[in-house]
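Spelled out, the chains give:
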Amino acid sequence: MPAYVIVGVDVLDQEAGLAYAAVAQPSILSHGGRYLVAGPTPEPVEGVWDFSRLLVIEFPDMDRIREWYDSPEYRRAREMRKSTARVRMLFAEGSPPEGFSLPV
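In this text, all values refer to a predicted model and were calculated from it rather than measured experimentally.

Quick look at the overall build of the protein chain
- When its secondary structure is counted, the protein chain shows 3 helices and 4 strands.
- In the protein chain, the order of α-helices and β-strands from amino to carboxyl end is β-α-β-β-α-α-β.
- In terms of overall dimensions, the protein chain has C-alpha extents of about 50 × 35 × 20 Å along its principal axes.
- By the burial criterion, 33% of the 104 residues in the protein chain qualify as buried.
- Considering only contacts within the protein chain whose residues lie at least 6 apart along the sequence, 74% involve residues at least 24 apart.
- Accessible surface, the protein chain: about 7000 Å² in total, of which carbon and sulfur atoms supply 56%.
- Here the protein chain holds 11 positive side-chain charges and 15 negative ones, and the gap between their average locations is 6 Å.

Considering the sheet that holds strand β4 (residues 85-93)
- Strand order in this open sheet of 4 strands is β2-β3-β1-β4, and the pairing throughout is antiparallel. Among the strands making up the open sheet, the edge pair consists of β2 (34-40) and β4. Strand-to-strand twist across the sheet, computed as the mean angle between neighbouring axes with direction ignored, equals 10°.
- In this sheet, strand β3 (residues 53-59) lies alongside β2 in antiparallel orientation, the contact comprising 6 bridges.

Re the pattern of salt bridges
- This model, assessed by the stated rule, comprises 4 salt bridges.
- Linking Arg34 and Glu58 is a salt bridge whose minimum nitrogen-to-oxygen distance equals 2.8 Å. Here Glu58 lies in strand β3 and Arg34 lies in strand β2, a separation of 24 residues in the sequence.
- Taking the relative accessible area as the measure of exposure, Arg34 reaches 47% and is therefore partly exposed.
- Overlapping salt bridges bring together Asp10, Arg86 and Arg88 as one network.

Re the packing of aromatic side chains
- Overall, the coordinates contain 7 aromatic pairs when judged by the stated rule.
- Joined through ring pairs, the aromatic side chains of Tyr20, Phe59, Trp68, Tyr69, Tyr74 and Phe91 make up one cluster.
- Above the plane of the ring of Tyr69 lies Arg78, whose end atom (NZ or CZ) is 4.1 Å from the centre.

Looking at the nonpolar core
- Formed by 17 residues in total, the largest nonpolar core has its most connected members in Val5, Phe59, Ile65, Trp68, Tyr74 and Ala77.
- Every element with two or more residues in this core is listed here: β1 (3-11), α1 (14-30), β3, α2 (62-70) and α3 (72-81).
- Non-local contacts of Ala77, meaning those with residues more than four positions away in its chain, are made with Tyr20, Val23 and Ala24.

Procedures and definitions
- Residues numbered from 1 in each chain as written.
- Predicted model: local features only at pLDDT ≥ 70, side-chain atom pairs only at ≥ 80, totals over all residues.
- Heavy atoms only, no water.
- Helix = DSSP H or I, 4+ residues; strand = E, 2+ residues; numbered from the N terminus.
- Buried < 20%, exposed > 50% of the residue type's maximum accessible area, 1.4 Å probe, protein only.
- Contact = heavy atoms within 4.5 Å.
- Areas by Shrake-Rupley, 256 points an atom, 1.4 Å probe, with all protein chains shown as cover.
- Lys, Arg positive; Asp, Glu negative; His and termini not counted.
- Charge placed at Lys NZ, Arg CZ, Asp CG, Glu CD.
- Pairing = 2+ DSSP bridges.
- Axes fitted to C-alpha atoms, helices over the stretch in contact; angles between N-to-C directions.
- Salt bridge = Lys/Arg side-chain N within 4 Å of Asp/Glu carboxyl O.
- Phe/Tyr/Trp six-rings, centres within 6.5 Å; stacked < 30°, edge-to-face > 60°.
- Lys NZ or Arg CZ within 6 Å of the ring centre and 35° of its normal.
- Core = buried A, V, L, I, M, F, W, Y, C linked by side-chain atoms within 4.5 Å.

Function cannot be read off these values alone, since they describe shape.
As structure tokens, this is what we get:
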């Protein structure tokens with residue numbers, strides 16, 4: 001079942017952020033990741049989204065996300081972004097096409 005990485009980002013240093021992206025993006029793609037959303041955070045319909053960029057990345061499954069996240073190339077990318085961006089990241093498993101089951 002597909003799994004997703006949901007990321008909120010505030011870039012603090014634009015040049016260093018581009019260097020991070022140049023390492024992170026190939027790493028994501030090489031582990032089967034596919035960008036579904038990547039860009040400025042749109043105006044929220046409800047609540048507050050307090051980050052400037054939003055990414056949603058789909059992977060074939062949760063195991064593939066963990067392989068990517070723990071890979072040497074992505075560890076290197078995380079090191080690069082330490083002082084260049086504030087990142088909030090969630091891993092979420094997909095649901096079946098019919099949706100979730102309501103409690104009885």
